[in-house]
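Breakdown of the fold
Single-letter residue listing:
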Amino acid sequence: NPHVLRARTSTLREAWSALVDILGGPEAALQLLERNSSILMTRAETIRASLPTLADLLGGTTQAAEAVATNSTMLGSRPFTMRQAFAGFTSILACQDKATALIRKYPYLLRVKVTSMFQSRDKLVKILGEDIAVDLIQSKAYILQTSAVKIQDRYDSLVQTLNGDHNSAIDHIKKFPSVLSM
């Protein structure tokens, strides 16, 4: 990654040291860097704080390690942002156990900004109604990564494509929810 080469040497050294410390050795750190070298541009304090935060939110260090293995950018997530996102999903799903299961399945959702998440949820409720929106969020939570503006634009395009038929658009969204997040 050419951007890594522009980083200060001290930042790179500190990030490397943090990765070696939390991952248990240079071999594991090198494996992670092969997937995502830009993590070296992250402040060492963020890297060191992210794994314990993930462990708290996901229910243990094993789950946190699995999340990092599948999505190494999680080590660059600020603990505050991850905790806010988790609280947001807990609120939206009205259940901490459901939020934990969702985050274990899709740990990258902890990177979603909570204000954007609620705006997207509100837009889905406005378009689809409360019941359909909640079902959609529970089954396809990644939809909350899409901005409310994009959700509205994609919905409007779908309705226009279907000659203004709102009900057909909702049926199509139920079958293919990714149409709102493409």
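Residues numbered from 1 in each chain as written. Predicted model: local features only at pLDDT ≥ 70, side-chain atom pairs only at ≥ 80, totals over all residues. Heavy atoms only, no water.

1. A few points about the nonpolar core
Counting residues in each nonpolar core, the largest one holds 53 residues, and the members touching the most others are L19, F89, L110 and L124. Of the residues forming this core, the biggest block, seven residues, is contributed by helix α4 (residues 44–58). Contacts of L110, omitting those with residues within four sequence positions, involve L54, L57, M74, T81, M82, A85, F86 and I103. (Core = buried A, V, L, I, M, F, W, Y, C linked by side-chain atoms within 4.5 Å. Buried < 20%, exposed > 50% of the residue type's maximum accessible area, 1.4 Å probe, protein only. Helix = DSSP H or I, 4+ residues; strand = E, 2+ residues; numbered from the N terminus. Contact = heavy atoms within 4.5 Å.)

2. As for the environment of R78
With respect to the helices and strands, R78 occurs in the loop between α5 (61–70) and α6 (79–93). On the basis of relative accessibility, which here comes to 58%, the residue R78 falls in the exposed class. Each C-alpha atom of the pair R78 and Y155 lies 32 Å from the other, and the pair is 77 residues apart in sequence.

3. Here we look at the packing of α4 against α5
As a packed pair, α4 and α5 sit with axes 7 Å apart at the nearest point and diverge in direction by 115 degrees. The handedness of the crossing between α4 and α5 is right-handed. Together, L51, L54, A55 and L58 of α4 and T61, Q63, A64, A65, A67 and V68 of α5 make up the contact between the two elements. When its residues are assigned to classes, the contact of α4 with α5 shows eight nonpolar, two polar and no charged. (Axes fitted to C-alpha atoms, helices over the stretch in contact; angles between N-to-C directions. Left-handed = near helix turned anticlockwise from the far one by under 90°. Nonpolar A, V, L, I, M, F, W, Y, C, P; charged D, E, K, R; others polar.)

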